[in-house]
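Close look at the chain arrangement
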Amino acid sequence: MTATTPQPTVRATRLAGYLFALGAGAVWGTTGPLSTALYRAGEAITGIGFWRLVVGLVGFIAYGLFRPQLFRIDRKAWLLVGLGGGTLVALFEVAYQFGIAGTGVAGAAALLYIAPVLVAILAKPILGEPLTALRVALALVVMAGAALTVQGGSHGAGSAAIPLPSLIEGVAGGLLAMLSYAGTTLLARYAVPRYGALQVLFLEIVGGVVVLGMVLPLAGHAPLAPHTAGAWTYILLLSLGSVLAANFLFFAALRRIDAAPTAVAATIEPVVGTLLALALFNQQLTPLGWLGLAMVVGGVATGYLQEGKPTV
């Protein structure tokens, strides 16, 4: 009788998915502090997202030279993921930078994670995922925590060398980033099992670069290249971390668990971003802001425990 390796249990797979989502959120948490450092160095807000996508695209092209199957993509994928997903990515890259600059690291990340509410609600009609009372409750707790964090946090990126958006512009940017994040989460949940994580991320980056390369000059904000070697280093770190590593972790999560708990788990981002901002910059949280972050952490932890329960 031949011994066989037991297949991973459903519970272990779901817990692994949740851990991947937590890892993605933790890496995304570095976006705010690194972007704030770039603002302080005098880099234009609108160019940061463009250049970090370009660096990621260069890496994918280099990879594709050795793995040409990366470029074998059908027309439907180009339209759905390249055009649709690329537009969402382009919106996110600009809007989130405005959110960080206008509301501070904690505020922008917290606004972003209103998205689990939308994902939990839209995942049912779009993806057929169950809309349980617990998922809705966790999403609402996270949303309330996000609001408290914005209200109790420092606003703006601090003493920057360039004019920064106002609080209202920052909130608008954070909300637009939230909408694009919710959209890309739902799209990835549909597309990754069909086309693979590598091709989905490649298409989104290509689409994002093309859209930003066309729209930014027309809007009078041509993406100027970073001015110093230090700024390029920050761009490289943003690309390797929040564009590549975090997305691969996020897609790994979406292959294992539904979109709604994945979005909730990734809400660890504002916690990581806030702690880094407190350590590196003069950004503070009031007791109300800390309460909001505690609600985010509580929602994430409860979701983790729920995903670990065996299905009946």
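Our structure is the block above this text.
These lines cover the structure that appears in this document, whether it is placed above or below. (Residues numbered from 1 in each chain as written. Predicted model: local features only at pLDDT ≥ 70, side-chain atom pairs only at ≥ 80, totals over all residues. Heavy atoms only, no water.)

**A word on the overall build of the protein**
As a reminder of what qualifies: Put simply, DSSP H or I for four residues or longer makes a helix, DSSP E for two residues or longer makes a strand, and each gets a number counted from the N terminus. Partly exposed residues are those whose accessible area sits between 20% and 50% of the maximum for their type, while under 20% is buried and over 50% is exposed, using a 1.4 Å probe and protein chains only. Exposure was quantified through the Shrake-Rupley algorithm and a 1.4 Å probe, taking into account, for residues, occlusion by the shown protein chains and nothing else.
Across its full length, the protein carries 12 helices and zero strands. Ordered by position from N to C terminus, the α and β elements of the protein give α-α-α-α-α-α-α-α-α-α-α-α. Buried positions account for 53% of the 312 residues belonging to the protein. Surface accessibility of the protein: about 13,500 Å² in total, with carbon and sulfur atoms responsible for 71%.

**Quick look at the pattern of salt bridges**
Note on pairing: side chains with opposite charge can pair once their charged atoms come close. This is how it is decided: A pair is scored as a salt bridge if a Lys or Arg side-chain nitrogen falls within 4 Å of a carboxyl oxygen belonging to Asp or Glu.
One pass over the full model with this rule turns up two salt bridges. Between Arg189 and Asp258 there is a salt bridge, with the nearest N and O atoms lying 2.9 Å from each other. Residue Arg189 is located in helix 7 (residues 167-195), and its partner Asp258 is located in the loop between helix 9 (229-254) and helix 10 (259-265); the two are separated by 69 residues in the primary sequence. For Asp258, a relative accessible area of 18% translates into the label buried.

**Overview of the nonpolar core**
Taken as a class, soluble globular proteins show a tendency for nonpolar side chains to be buried jointly. In plain terms, the rule: Only buried Ala, Val, Leu, Ile, Met, Phe, Trp, Tyr and Cys residues count toward a nonpolar core, and they belong to the same one when joined by side-chain atoms within 4.5 Å. Contacts were defined at the residue level, with two residues in contact if any of their heavy atoms lie within 4.5 Å.
Ranked by internal contacts, the top residues of the largest apolar core, which has 68 residues, are Trp28, Tyr96, Tyr181, Ile205, Phe250 and Phe251. Considering each element in turn, this core owes the most residues, 15 residues, to helix 4 (residues 75-112). The residues touching Phe251, leaving out its near neighbours within four places in the chain, are Ala188, Val192, Ala197, Val200, Leu201 and Glu204.

**Focus on the side chain of Thr185**
Within the secondary structure, Thr185 sits in helix 7. You can call Thr185 buried: its relative accessible area is 0%. For Thr185, the residues in contact, after removing those within four places along its chain, are Val119, Phe250, Leu254 and Ala259.

**Thoughts on the packing of helix 7 against helix 8 (residues 197-218)**
Basically, it comes down to this: Fitted lines through C-alpha atoms give the axes, limited to the stretch in contact for helices. The angle between two N-to-C directions lies from 0 to 180 degrees. Any angle between 65 and 115 degrees counts as roughly perpendicular, while under 35 counts as roughly parallel, over 145 as roughly antiparallel, and the rest as oblique. Polarity classes work like this: nonpolar for Ala, Val, Leu, Ile, Met, Phe, Trp, Tyr, Cys and Pro, charged for Asp, Glu, Lys and Arg, and polar for all others, with Gly in that last group.
Orientation of helix 7 relative to helix 8, taken along the N-to-C sense of each, is 125°, at an axis distance of 7 Å. In terms of their interaxial angle, helix 7 and helix 8 are classed as oblique. Residue-level contacts link Leu187, Ala191, Val192 and Tyr195 of helix 7 to Ala197, Gln199, Val200 and Glu204 of helix 8. Taken together, the residues of the contact of helix 7 with helix 8 sort by class into six nonpolar, one polar and one charged.

**Some points on the packing of helix 2 (residues 31-40) against helix 3 (residues 45-66)**
Quick note on the threshold: Should the near helix be turned anticlockwise from the far one by less than a right angle, the crossing is termed left-handed; should it be turned clockwise, right-handed.
Their axes nearest at 10 Å, the elements helix 2 and helix 3 cross at an angle of 125°. One element, helix 2, and the other, helix 3, form an angle in the oblique class. In this structure, helix 2 meets helix 3 at a crossing whose hand is right-handed. Counting all contacts with helix 2, which are made through Thr31, Ser35, Leu38 and Tyr39, the residues of helix 3 involved are Ile45, Ile48 and Arg52. Of the residues assigned to the contact of helix 2 with helix 3, the class counts are four nonpolar, two polar and one charged.

**Describing helix 7**
As a reminder of what qualifies: Expected span, for any helix, means 1.5 Å times one less than how many residues it has. The bend reported for a residue corresponds to the angle between axes fitted to the seven residues ending at that residue and the seven starting there.
Under the 1.5 Å per step criterion, the end-to-end length of helix 7 is 40 Å for 29 residues, consistent within 8% with the ideal 42 Å. Its maximal kink placed at Ala188, helix 7 deviates by approximately 35°.

**Notes on the packing of aromatic side chains**
Where we set the bar: In this scheme Phe, Tyr and Trp rings, the latter by its six-membered ring, pair at centre separations within 6.5 Å, and the angle between planes marks the pair as stacked below 30 degrees, edge-to-face above 60, and tilted otherwise. Here, over-ring charges are defined by two tests on the NZ atom of lysine or the CZ atom of arginine: distance to the ring centre within 6 Å, and angle to the ring normal within 35 degrees.
Under the criterion given, the structure shown has 10 aromatic pairs. A centroid spacing of 5.9 Å and a plane angle of 50° characterise the contact between Phe60 and Phe202, whose relative ring orientation is tilted. With Phe60 in helix 3 and Phe202 in helix 8, this residue pair connects regions lying 142 residues apart in the sequence. For the pair Phe60 and Phe202, a shared accessibility class is recorded, and that class is buried. Measuring from centroid to centroid gives 6.5 Å for Trp78 and Phe202, while their planes differ by 75°, and the two rings are edge-to-face. Of this pair, Trp78 sits in helix 4 while Phe202 sits in helix 8, placing them 124 residues apart in sequence. Over the aromatic face of Tyr190 sits the side chain of Arg194, whose NZ or CZ is 3.7 Å from the ring centroid.

**Section: the side chain of Glu204**
Spelled out, the test is: Counting rule applied: Lys, Arg positive; Asp, Glu negative; His and chain ends not counted.
Summarising the element assignment, Glu204 is placed in helix 8. Salt bridges are absent for the buried Glu204, whose nearest opposite-charge side chain, Arg52, sits at 11 Å. Discounting residues that sit within four places of it in the chain, Glu204 has contacts with Val81, Gly85, Gly86, Val89, Leu187 and Phe251.

Interpretation note: all reported values are geometric properties and have no functional meaning in isolation.
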